[in-house]
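# Remarks on the overall topology
Here are the chains, one letter per residue:
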Amino acid sequence: FLVSEMEELKQKIPDGDATATRQMSSRSLATKKLIDETRDAFITANEKLLHEAEVSLQYFESHYEKIATLLQASSDENAKQREAWLEEMNAQLGQVQSTLEHLLKGPAHKAEAKIKDQKNDKQKKKKQSSVQKLLTRVFFGIVMVGGFMGIIAAGHVYVCMTVAFLQILTFRELANVRYKTYKARFVPMFRTIQWCWFFTAMFYVYSDIFEFHEIISFALYASMFCITVLSFKKGFYRYQMKQLAWTFITVFLIVFQLKYATENIKAGLFWFLLPASLVICNDSMAYFAGKAFGRKLIHATFLKLSPNKTWEGFLGAFLLTVIFAFAFPVVLVKSKWLPCSYGAPSN
């Protein structure tokens, strides 16, 4: 322990660094010299201690073999010799134990014990943290599943409203991925144009209940196209075109793709609840399977992009989701309401 402490001090003041040595005061140089002398003395004493420990062990082994040989002879003449050797062994053992007691009372042993206690505390906190995370996930999972089932029970309209709300949140997250504040502040109406494109697409997708929704959607598109072109600013063309492309890709992924989720809801909540439940099942089972068996059966890395993912979690989630996919629809079809399309009679 002391040697490691001395090494750390020496690394802070390298011997070969002449500039650092010149900058040190005379008092610092004297302290460094004292540290070096103490380190050398400790290394010498430690080597002697190891040598004496080896000598003591050889001494014990030699006397043990001699006493064992004399015991086989079982002669009374050898009794005094055996007792003398045994007293010498006890005397040597006493010296070793005394030295060991002094070492155990030293600062190095206390520091080692402190480090072990700190490691044990960290491990306990880590275990407690893992349990707390698990309980937190389970609690919020139950709350979210309960809320999800409540929305399903509320009916088709509320499920569609939930999908639209999730679309808004998702667009907000993805739009922020490529957002650069120091450039956006020089571009007029930067964020406003992004959101206007998004709501134009949302109106086109969800406005089919209106009579003239196609004409209104085209008017909105044409207006947004003109506003976007007029917002281009010299020196930022490349950045604005990249942002426009990213906005369109995000809109296509979020708005037009989820248009068919809305159509599934209208066809019957069964066609929305089943795939959503499969996603929830897969994600939950991957977590629990990974926690239970992660890196115990397969030690290879699953994904470098997500190092916490494991093969056990992936395979366990796959197997359990397949089983769930066959069992859960049997439960859903027993409901007379879930397979019904929007506007169908309640009976």
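The rules behind the values
Residues numbered from 1 in each chain as written. Predicted model: local features only at pLDDT ≥ 70, side-chain atom pairs only at ≥ 80, totals over all residues. Heavy atoms only, no water. Core = buried A, V, L, I, M, F, W, Y, C linked by side-chain atoms within 4.5 Å. Buried < 20%, exposed > 50% of the residue type's maximum accessible area, 1.4 Å probe, protein only. Contact = heavy atoms within 4.5 Å. Helix = DSSP H or I, 4+ residues; strand = E, 2+ residues; numbered from the N terminus. Polar contact = N/O pair within 3.5 Å; in protein donor to acceptor, adjacent residues only side chain to side chain.

### Structural notes on the nonpolar core
If you look at the biggest cluster of nonpolar residues, it comprises 13 residues, and the most contacted ones within it are Ile152, Val159, Ile265, Leu269, Phe272, Leu332 and Leu338. When sequence neighbours within four positions are dropped, the list of residues in contact with Leu269 reads Ile152, Gly155, His156, Val159, Trp337, Leu338 and Cys340. If you look at the next biggest cluster of nonpolar residues, it comprises 10 residues, including Phe171, Ala175, Val251 and Ile254.

### Quick look at the side chain of Thr228
With respect to the helices and strands, Thr228 occurs in helix 9 (residues 213-230). We classify Thr228 as buried; its relative accessible area is 5%. Here the side chain of Thr228 touches Trp197 through a polar contact of 2.9 Å, side chain to side chain. From its side chain, Thr228 meets the backbone oxygen of Met224 in a polar contact 2.7 Å long. Filtering out sequence-adjacent residues up to four positions away, Thr228 remains in contact with Ile193, Trp197 and Leu244.

### Things to note about unusual backbone geometry
Keep in mind that most residues, glycine aside, have a negative phi and that most peptide bonds are trans. Despite not being glycine, Arg295 shows a phi value in the positive range, around 60°. Of note, Arg295 is situated in the loop between helix 11 (270-293) and helix 12 (311-332). According to the relative accessible area criterion, Arg295 is partly exposed, its value standing at 37%.

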